[in-house]
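# Breakdown of the fold
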There are 2 protein chains.
Amino acid sequence: MASAAADASAGEESLRRALSEKQVEVDAQGSVVRELKASIASKDLISAAVEALSALKLEKASIEKRLQEIVSASNGGHQNKEAFRQAVVNTLERRLFYIPSFKIYRGVAGLYDYGPPGCAVKSNVLAFWRQHFVLEENMLEVDCPCVTPEVVLKASGHVDKFTDLMVKDEKTGTCYRADHLLKDFCKEKLEKDLTISTEKAAELKHVLAMLDDFSAEELGEKIKLYGITAPDTKNPLSDPYPFNLMFQTSIGPSGLSPGYMRPETAQGIFVNFKDLYYYNGNKLPFAAAQIGQAFRNEISPRQGLLRVREFTLAEIEHFVDPEEKSHPKFGEVAKLEFLMFPRELQVSGESAKRMVLGEAVSKGIVNNETLGYFIGRVYLFLTSLGIDKERLRFRQHLANEMAHYAADCWDAEIECSYGWIECVGIADRSAYDLHAHTKLVIAPVKKELGLAFKGNQKMVVEALEAMDEKAAMEMKAELETKGEVEFQVCTLGKNVTIKKNMVAISKEKKKEHQRVFTPSVIEPSFGIGRIIYCLFEHSFYTRPSKAGDEQLNVFRFPPLVAPIKCTVFPLVQNEKYEEVAKRIAKSLTATGISYKIDITGTSIGKRYARTDELGVPLAITVDETDSITIRERDSKKQVRVSVDEVASVVKKVMDGQSTWADVLWEYPSHHSASADE
Amino acid sequence: MASAAADASAGEESLRRALSEKQVEVDAQGSVVRELKASIASKDLISAAVEALSALKLEKASIEKRLQEIVSASNGGHQNKEAFRQAVVNTLERRLFYIPSFKIYRGVAGLYDYGPPGCAVKSNVLAFWRQHFVLEENMLEVDCPCVTPEVVLKASGHVDKFTDLMVKDEKTGTCYRADHLLKDFCKEKLEKDLTISTEKAAELKHVLAMLDDFSAEELGEKIKLYGITAPDTKNPLSDPYPFNLMFQTSIGPSGLSPGYMRPETAQGIFVNFKDLYYYNGNKLPFAAAQIGQAFRNEISPRQGLLRVREFTLAEIEHFVDPEEKSHPKFGEVAKLEFLMFPRELQVSGESAKRMVLGEAVSKGIVNNETLGYFIGRVYLFLTSLGIDKERLRFRQHLANEMAHYAADCWDAEIECSYGWIECVGIADRSAYDLHAHTKLVIAPVKKELGLAFKGNQKMVVEALEAMDEKAAMEMKAELETKGEVEFQVCTLGKNVTIKKNMVAISKEKKKEHQRVFTPSVIEPSFGIGRIIYCLFEHSFYTRPSKAGDEQLNVFRFPPLVAPIKCTVFPLVQNEKYEEVAKRIAKSLTATGISYKIDITGTSIGKRYARTDELGVPLAITVDETDSITIRERDSKKQVRVSVDEVASVVKKVMDGQSTWADVLWEYPSHHSASADE
């Protein structure tokens, strides 16, 4: 794959070069023709020149076509993907997997409802997440409010740094994400303008690669340089400036307590660290977990369910001794082998490679066993849901993507029609988060201050204690290097000299076995909506109807996530069959199996097609009063089971105690003339 | 009970009267004594008068004491309840069932985190809710965002009417709920000032009864009348004014799209009614359901977990033909018998009565079968969780409590230390909610308007189409009664006369079998946090330790809600036992049973006590390598089970397939000398 990509890239470059050379030839020959015509040359001479020009134009067109093909392919078969996505999205919206929120009021960009089947899939995914992570690892699950006071998000850095760069249409005031406009410009230029030079193409590609790293100034320069205007009006744009992505609100009636809707659930865990540590018997390591809503007031949401203003996060914070990151259960995942995309491969332009997780850790590609263990568990989680192994990779953050405090970071990326999408982030965040909420302790040494400042001691003490964190940490640093520092005491109207022995400044730390440290945090963070959307795409396929006159849609959800586990249909409208159907329905409810009963007179084939489109794994057709037919969605194979057994058979397959293959082996197969196949 | 309450009330009245009469006597005798002393009467005379005065004072004191007892009792053994609550809350906070949110930043009133055991209880309650309602009734569950645009909440009435009346300390600006201040004043006066007249006492009681009905003006008058001041500063208070309880925010970067955090989840269902109706095959009745966060920016939250600013609601909207509210499954709940508190009993000052649900419906006490069915299902839900039947009643709303559009409304109220608390509202809301989101259609009849207004037709049409809902509905009413109406057309600068044939005004309705109607909505709405808090109180008890030197706390959670299903303890620290314990732990995880393992050397009695306090139903003590002891929390009885069987035995009891009595019968009992009893 790596060399294919490299070939394509080389091909594109040489074609762009060939194209511009050919353009020069065409222009030159065009001049020749014009001159010949002006000089009243012989008809033969002119027509020969025109013919040559036509030939050159044909050659140019041929180069253009090849270049267009390569550009489109490097854009990933853009049109095919769009068509596929449209088919999936149409089915999802028509069957109410999701609904644009507040549609009857024209909707709000970036807000979606899960309708009945979507909601059921989501609740199955979350239940499995709880089983796979919380229960299996004995995690401490907590549930904190979404409304968060400013002070917490100030400490975490979100008030100052949780921003995107925005530009405004200078006349209408419409807002756009600055990087999106630049990205769209570069992509469009590269795809549609085949005449740009190789150098220009390289420049635009470099801009695309650097997009996330640009400062407001750099983005503004590029926008000016390329003459980018507002997409809707072509009006000039303002300079880029940061827009905070948190939804702001006010807590209580006074209007004096600003708050925000949390942008992540993690802070609720960090602020409770001490209590949770105590709950765990003052022992490390332990993990806390939280599932809940998070909010980002996106500037202009696009990409449907992938970039929304409100979403469900499931986050784990695994607290661990920074010097002891081995994991007792690592052996259970060490032999897993899957696509990994370490930093070096990305930098050298190669593709993701299959690697054995144990080797990735032992070679130091993955920083430590605990991080590796979670990568393995995330792999098992996603593939159990039905995510395609071949379209799942773990990509390591490049140095410039990672926060300065992070030790290592891997994203589980899933490939869908929008490209490779980050669905789970697994970060070793070192001690940053706990440190941010650690209490600053400023302890003036009153005796020394009294000796030095006599009657002014009180004012100096108060001024020292009133320092904010930044000032205090600067003073601490200066005292440690220089031993003393000039300090302004406003109430005295002058500076005083503070010496090292006059004040102790520290942040609280954890004592364990007399060693003092702040625990490291390893954070797997799951974007549940993104995982579900990718799952929809990976589960979707079409197959021809029996008559061959239309394509039918199917979601191949595994039983674990299927929104409805089975359907119950009387074969024909008939009181006896309906009785049996209702009896079966009751026994399914008692067993805790969700089902859909359909007693309409619609043809059985249509009823199968309707429920295949909802991803229902098994269909029960009541065609006799003592035994019935069970049909499996993907194979369309059928078996006969007695009415009394049917609920327990369905339950076994849904719980994973049996497979459909077991059922096929155990029960007589059935070939129905009345069914859809 | 009813007559006891009535007796108490009569007793209080006669005692208040007796007390004030006695006070008159005491004052009179006091005057006698003073006069005698002034007139230099004989010592004997004076001392006889003083003795009489003392006797009177003693009699007064005795009346006072009896009155105080009655007042305290009518306040429900206030102090006992406070002490009980304190014991529960201490245990809940110490064991991290819940935590005041953002505690390390001094917290925010009305926001709480669920810590690990509380979060597990909550997730069990919600899972059971899904099983009991959504699955059992085949409801359509949806999941909508919390962020809601203003237009939706304008239509639902929340923007205009979702308010509480607030007063401000005129000097400090501190805000208080006006009704709370008045309520506190009246209660305190009644409890602590025994000298007030019978008439005054009756007046204060009337104020308490009318509290919810007072307008801003009436509340303001009372506050002035009683001279109520700010509780913290004694400063004067502003007049009461409405404060909207929704958290406001802004959607998108422009600042031009106001939004709110939803105050209930129901609106997300109503705005999707059409799609859900279609999903259900265009058939009524059907129910939709939603679990999610809701937000109320309370003015000054009190009552701990019962009045919070963010909470989880579980709501059902059952849509039904307004003329056909029978329910096919009503028979399944008709024989249930429990405490009901219909309107008439409340008005006549009686208490709640045990009633058979079927009779309540057939007698018309409950409006219809569907409403009755949900009351029955709610009863089963709450009692399955462990809510005490004797402290659960269904109270019908009084006429003045109900919205004008509602047909009937019953609250499931649970008694706890704060009194009877509304935990589930079950309302027949008639067609109001769908109507609110139904599109207003104003159809000017251009032909008639053209004939009447010629060249001005366009202006008239535009003015008609621009009417808001209120103006349009008023015009519709007037046209229907009078046939014509005066209508101001601003663009013409004059009034015109609109006749009935010139405009059609309507709201969209549902057609079913040619009959046109808006479906009725029956709405059971569950305050999950309130239910959980009441469950904590109903499950809590204390018992003496073996040594009798302390009281131990226990939560008697049923397996369904217990946060952790069992514990695993090696009896003593010993490698072999630890191995077995870990083996058992693994088999529990595989079975999906949550457990807590404790391999510390703490005494087994202490370990039992610790987990009783978390409400863990079963404890597994590893005291041999091939069989172990299972101990039940409440009976403290023990049985011996082989190591291989233990997980399946625990699972059976937790799933409700076996009871502990079955286990006691099946397995040999065990009398351990080493245990805590």
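In this text the structure is predicted, and so the values were computed from the model without any measurement.

Tallying secondary structure elements over chain A gives 23 helices and 30 strands in all. Each principal axis of the C-alpha atoms in chain A carries an extent, and together these give about 105 × 100 × 55 Å. Within the span of chain A, comprising 677 residues, buried residues form 52% of the whole. Within chain A, residue pairs in contact and separated by at least 24 positions form 67% of the contacts whose partners lie at least 6 positions apart. Element-wise, carbon and sulfur atoms account for 52% of the exposed surface of chain A, whose accessible area totals about 31,000 Å². Distance from the positive charge centre (88 side chains) to the negative charge centre (97 side chains) of chain A: 2 Å.

Right, let's get into the nonpolar core. Counting 90 residues, the largest nonpolar core has Trp129(B), Phe381(B), Leu382(B), Phe394(B) and Phe526(B) as the members making the most contacts within it. The element contributing the most residues to this core is helix H14 (residues 369–385) of chain B, with 9 residues. Non-local contacts of Phe394(B), meaning those with residues more than four positions away in its chain, are made with Phe338(B), Leu339(B), Met340(B), Phe341(B), Ile375(B), Val378(B), Tyr379(B), Trp410(B), Asp411(B), Ala412(B) and Ile426(B). Counting residues in each nonpolar core, the second largest holds 89 residues, with Val125(A), Ile375(A), Tyr379(A) and Phe381(A) among its members.

Right, let's get into the pattern of salt bridges. All names here are of chain A. A full pass over the atoms with the stated rule returns 84 salt bridges over all chains. Its salt-bridge partner being Asp634, residue Arg633 comes within 2.9 Å of it at the nearest N-O pair. Since its relative accessible area comes to 28%, Asp634 is described here as partly exposed. A single network of salt bridges, built from pairs that share partners, joins Asp164, Arg177, Asp179, Glu298 and Arg307.

Attention now goes to the pairing of strand E25 (residues 551–555) of chain A. Residue and element names in this part refer to chain A. Pairing of strand E24 (residues 540–544) with E25 involves 5 bridges; the strand directions are antiparallel. Among the inter-strand pairings, Phe540 is bridged to a residue of E25, identified as Phe555. As consecutive antiparallel partners, E24 and E25 are separated by 6 residues, and within that stretch Gly548 has a phi angle of approximately 75 degrees, a positive value.

Time to look at the interface of chain B and chain A. Across the boundary between the two partners, chain B contributes 77 residues, which contact 77 residues of chain A. When chain B packs against chain A, close to 6,100 Å² is buried across both sides, 62% of that on carbon and sulfur atoms. Three residues, Tyr105(B), Pro253(B) and Tyr279(B), lead the burial of chain B against chain A; their summed loss comes to 12% of the area buried on that side. At the surface where chain B touches chain A, the tally comes to 4 salt bridges. Asp143(A) is the partner of Lys122(B) in a salt bridge, and the nearest nitrogen-oxygen pair spans 2.4 Å. Between the two partners, chain B and chain A, sit 20 residue pairs in polar contact (both at pLDDT 80 or more).

This part covers the sheet that holds strand E10 (residues 286–295) of chain A. If you walk across this open sheet you meet the 9 strands as E3-E10-E11-E23-E16-E15-E14-E12-E13 (chain A), and the pairing is mixed. The sheet is open, and its two borders are formed by strand E3 (140–141) and strand E13 (353–356) of chain A, each paired with just one other strand.

Here we come to the side chain of Glu413(A). All names here are of chain A. Tracing the chain through its elements places Glu413 in strand E15 (residues 408–416). In terms of polar contacts, Glu413 uses its side chain to reach the side chain of Arg395, at 2.8 Å. Leaving out residues up to four positions away in the same chain, Glu413 has contacts with Arg391, Leu392, Arg393, Arg395, Trp420, Ile421 and Glu422.

Residue and element names in this part refer to chain B. For helix H18 (residues 469–482), which comprises 14 residues, the first-to-last C-alpha distance of 20 Å matches the rise-based estimate of 20 Å (1.5 Å per residue) to within 8%. Listed in full, the buried residues belonging to H18 are Ala472, Met475 and Leu479. The buried side chains of H18 occupy one side of the element, clustering within an arc of 60 degrees when seen end-on. Facing away from the buried side of H18 by over 90 degrees, the exposed positions are Lys470, Thr481 and Lys482. One or two positions beyond H18, positive phi appears at Gly483, with a value near 85 degrees.

The next thing to look at is the sheet that holds strand E6 (residues 175–177) of chain B. To summarise the sheet geometry, strands pair through backbone hydrogen bonds and adopt either a parallel or an antiparallel arrangement. Residue and element names in this part refer to chain B. Taken in spatial order, the 3 strands line up as E6-E5-E7 in an open sheet, and their pairing is antiparallel. Looking at the sheet topology across the chains shown, the edges are occupied by E6 and strand E7 (241–244). Shown here is a sheet whose adjacent strand axes are inclined to one another by a mean of 55 degrees, direction ignored. With 3 bridges connecting them, strand E5 (residues 163–168) and E6 associate as antiparallel partners. For Lys168, the partnering residue across the bridge sits in E6 and is Cys175. Its contacts with the sheet place helix H7 (residues 178–192) against E5 and E6, and it is angled at close to 65 degrees to E6.

Residues and elements named next belong to chain B. At a minimum axis separation of 9 Å, helix H20 (residues 575–591) and helix H22 (residues 646–655) run at an interaxial angle of 40 degrees. Relative to H22, the element H20 lies oblique. When you trace H20 past H22, the crossing you get is right-handed. Contact with H20, carried on its side by Ile584, Ser587, Leu588 and Thr591, involves Val646, Ala647, Val650 and Lys651 of H22 and no other residues of that element. The residue inventory of the contact of H20 with H22, partitioned by class, reads 5 nonpolar, 2 polar and 1 charged.

A few words now on the relation of the copies chain B and chain A. In screw terms, the move from chain B to chain A is a rotation of 180 degrees and a rise of 0.2 Å along the axis, fitting with an RMSD of 0.4 Å. Expressed as an axis order, the relation between the two copies is that of a two-fold axis. It is Thr249(B) whose C-alpha, among those of chain B, lies nearest the rotation axis, at 2.7 Å. A high fraction, 100%, of the interface residues of chain B reappear at the interface in chain A, so the copies pair face to face through one surface.

What follows is about the domain arrangement of chain A. Size of an interface, as often reported, equals the accessible area lost when the parts are brought together. According to the domain assignment, chain A consists of domain 1 (2–74), domain 2 (163–244), domain 3 (440–507) and domain 4 (564–666). With centres defined by C-alpha atoms, the gap from domain 1 of chain A to domain 4 of chain A works out at 64 Å.

As a further point, take the packing of aromatic side chains. Counted by the stated rule, this structure contains 54 aromatic pairs over all chains. Against the face of Tyr418(A) rests Arg85(A), its NZ or CZ located 3.6 Å from the ring centre.

This part covers a negative patch on the surface. All names here are of chain A. On the surface, a cluster of negative charge is contributed by Asp212, Asp213, Glu217, Glu218 and Glu221. Note that Asp213 resides in the loop between helix H8 (198–210) and helix H9 (216–225). Looking at Asp213, the relative accessible area reads 33%, which means it is partly exposed.

All names here are of chain A. Along the chain, Thr567 falls in strand E26 (residues 566–570). Of the residues examined, Thr567 reaches a relative accessible area of 1% and is grouped as buried. With sequence-adjacent residues up to four places away left out, Thr567 is seen in contact with Lys596, Thr611, Val616, Leu618, Ala619 and Ile620.

What follows is about the environment of Val521(B). All names here are of chain B. Of note, Val521 is situated in strand E23 (residues 520–527). When the C-alpha atoms of Val521 and Phe381 are compared, they prove to be 21 Å apart, with 140 residues separating the residues in sequence. Residues contacting Val521, with those up to four places away along its chain left out, are Phe270, Glu317, His318, Phe319, Ala427, Asp428, Arg429, Ser430, Asp433 and Leu434.

What counts and how
- Residues numbered from 1 in each chain as written.
- Chains lettered and ligands numbered in written order.
- Predicted model: local features only at pLDDT ≥ 70, side-chain atom pairs only at ≥ 80, totals over all residues.
- Heavy atoms only, no water.
- Helix = DSSP H or I, 4+ residues; strand = E, 2+ residues; numbered from the N terminus.
- Buried < 20%, exposed > 50% of the residue type's maximum accessible area, 1.4 Å probe, protein only.
- Contact = heavy atoms within 4.5 Å.
- Areas by Shrake-Rupley, 256 points an atom, 1.4 Å probe, with all protein chains shown as cover.
- Lys, Arg positive; Asp, Glu negative; His and termini not counted.
- Charge placed at Lys NZ, Arg CZ, Asp CG, Glu CD.
- Core = buried A, V, L, I, M, F, W, Y, C linked by side-chain atoms within 4.5 Å.
- Salt bridge = Lys/Arg side-chain N within 4 Å of Asp/Glu carboxyl O.
- Pairing = 2+ DSSP bridges.
- Buried area = accessible area lost by both parts, 1.4 Å probe.
- Polar contact = N/O pair within 3.5 Å; in protein donor to acceptor, adjacent residues only side chain to side chain.
- Expected span 1.5 Å × (residues − 1).
- Arc of directions from axis to C-beta.
- Axes fitted to C-alpha atoms, helices over the stretch in contact; angles between N-to-C directions.
- Parallel < 35°, antiparallel > 145°, perpendicular 65-115°, else oblique.
- Left-handed = near helix turned anticlockwise from the far one by under 90°.
- Nonpolar A, V, L, I, M, F, W, Y, C, P; charged D, E, K, R; others polar.
- Least-squares fit on C-alpha atoms with pLDDT ≥ 70 in both.
- Domains from an automatic or database assignment.
- Phe/Tyr/Trp six-rings, centres within 6.5 Å; stacked < 30°, edge-to-face > 60°.
- Lys NZ or Arg CZ within 6 Å of the ring centre and 35° of its normal.
- Patch = residues over 30% accessible without salt bridge, like charges linked within 9 Å, V, L, I, M, F, W, Y side chains within 5 Å.

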